[in-house]
Amino acid sequence: MRKKIVAGNWKMNKSWPEALELAQALAAHKDSFPSHVSVLIAPPALYLSGLKEALPSSIALSAQNCSQHDSGAYTGEISASMLATIGVTHCIIGHSERRQYYGETNEIVREKIDACLRHGITPIFCCGESLSERKFNKHFITVSNQLQQALFHLSAEQLPQVVIAYEPVWAIGTGVTATNEQAEEMHAFIRDFVAENYVDTVANSISILYGGSVNAANAAELFACPNVDGGLVGGASLKAADFTTIIQAAQ
Ligand code: PGA
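Keep in mind that this is a model prediction, so the values were computed, not measured.

K.L.:
Please clarify how the nonpolar core should be interpreted in this entry.
P.N.:
When a protein is soluble and globular, its nonpolar side chains tend to lie buried together. Counting 72 residues, the largest nonpolar core has Phe125, Leu151, Ile164, Ile190 and Phe223 as its most contacted members. For this core, the element with the most residues is helix α8 (residues 180-197), which contributes six residues. Those residues in contact with Leu151 that sit more than four places away from it in its chain are Ile113, Phe125, Gln146, Leu159, Val162, Ile164 and Tyr198.

Right, here's the structure in full:
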């Protein structure tokens, strides 16, 4: 079953008191969240266990990244198994900022997806094209390569345990949102591509989120697109009222 999901990616923002205040402000709105929408926040890793204590069970926690390794001499890294032991349920994997600034290749992303699945963490797999790829009409090729190289080694039983987030790089943090038509076109392409490589039931059970300058004003239209199952929200998730409006838009 495709699930409606709205996830807030806080990135590297907020002091600890500010993070706690934001989480509490969001929690105060929880009764207004539609019951069929899964709500997640992805704060900086340092705050995950503190926020676990502060949040109601209706708001789940996601990490923004994890190691592809389970344990060992990897200074500064956090493993999926560690995340699982403190009650984190999801992890963003392969965000374009990780690919761009930290050299994450499709190969590394694939290993991280596997690490998450080994430990019962739901990976939120990010894919999406750059502005020049879009301009040169290469967006479908880019996204299909990312899917093939990082995701399609999974079995038909495993794939529906992954959430896909389509995030065109040119729309992230820029205020330039994909049009509803552009979002729907790519989401339909991704779902068809999954169906071609697996079967229809797999394609129809995977949630595909849109990310890239989602805000309180445009969320309802984007989420109304037939193949858009919710959003991965950056900047607008840092304001409790705006993020609540976005959650409510995922009808
Ligand atoms: P944005 O970020 O909503 O600020 O564009 C989205 C993301 O990077 O996940």
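Having put the structure on the table, let's press on.
K.L.:
Please clarify how unusual backbone geometry should be interpreted in this entry.
P.N.:
For residues that are not glycine, phi is negative in most cases, and the peptide bond is trans in most cases. You will see that Lys14, though not glycine, has its phi angle at about 85°, which is positive. The phi angle at Asn137 is positive, at roughly 60°, despite the residue not being glycine. You can see Asn137 is positioned in the loop between α6 (131-135) and α7 (139-150).

K.L.:
Before we go on, may I ask you to explain α7 in this structure?
P.N.:
A turn of α-helix holds 3.6 residues, and therefore any two residues three or four places apart point the same way. Along its twelve residues, α7 runs 16 Å from first to last C-alpha, staying within 8% of the 16 Å computed at 1.5 Å per residue. When we look at burial in α7, the residues that qualify are His139, Thr142, Val143, Ser144, Gln146, Leu147 and Ala150. Contacts from the buried residues of α7 go to α4 (96-101), α5 (106-118), β5 (122-127), α6, β6 (163-166) and α8.

K.L.:
Where do I start with the site of the ligand in this structure?
P.N.:
In the vicinity of the ligand, 13 residues are found, and the nearest of them are Lys11, His95, Glu167, Gly173 and Ser213. In this structure, Lys11 approaches the ligand through a side-chain N or O atom, which is 2.7 Å from an oxygen atom. Within the contact set of the ligand, an oxygen atom lies 2.8 Å away from a backbone nitrogen or oxygen of Gly234. Protein contacts shield 95% of the accessible area of the ligand, which totals 280 Å² for the unbound molecule.

Parameters at a glance
Residues numbered from 1 in each chain as written. Predicted model: local features only at pLDDT ≥ 70, side-chain atom pairs only at ≥ 80, totals over all residues. Heavy atoms only, no water. Core = buried A, V, L, I, M, F, W, Y, C linked by side-chain atoms within 4.5 Å. Buried < 20%, exposed > 50% of the residue type's maximum accessible area, 1.4 Å probe, protein only. Helix = DSSP H or I, 4+ residues; strand = E, 2+ residues; numbered from the N terminus. Contact = heavy atoms within 4.5 Å. Expected span 1.5 Å × (residues − 1). Near = heavy atom within 4 Å. Polar contact = N/O pair within 3.5 Å; in protein donor to acceptor, adjacent residues only side chain to side chain. Areas by Shrake-Rupley, 256 points an atom, 1.4 Å probe, with all protein chains shown as cover.

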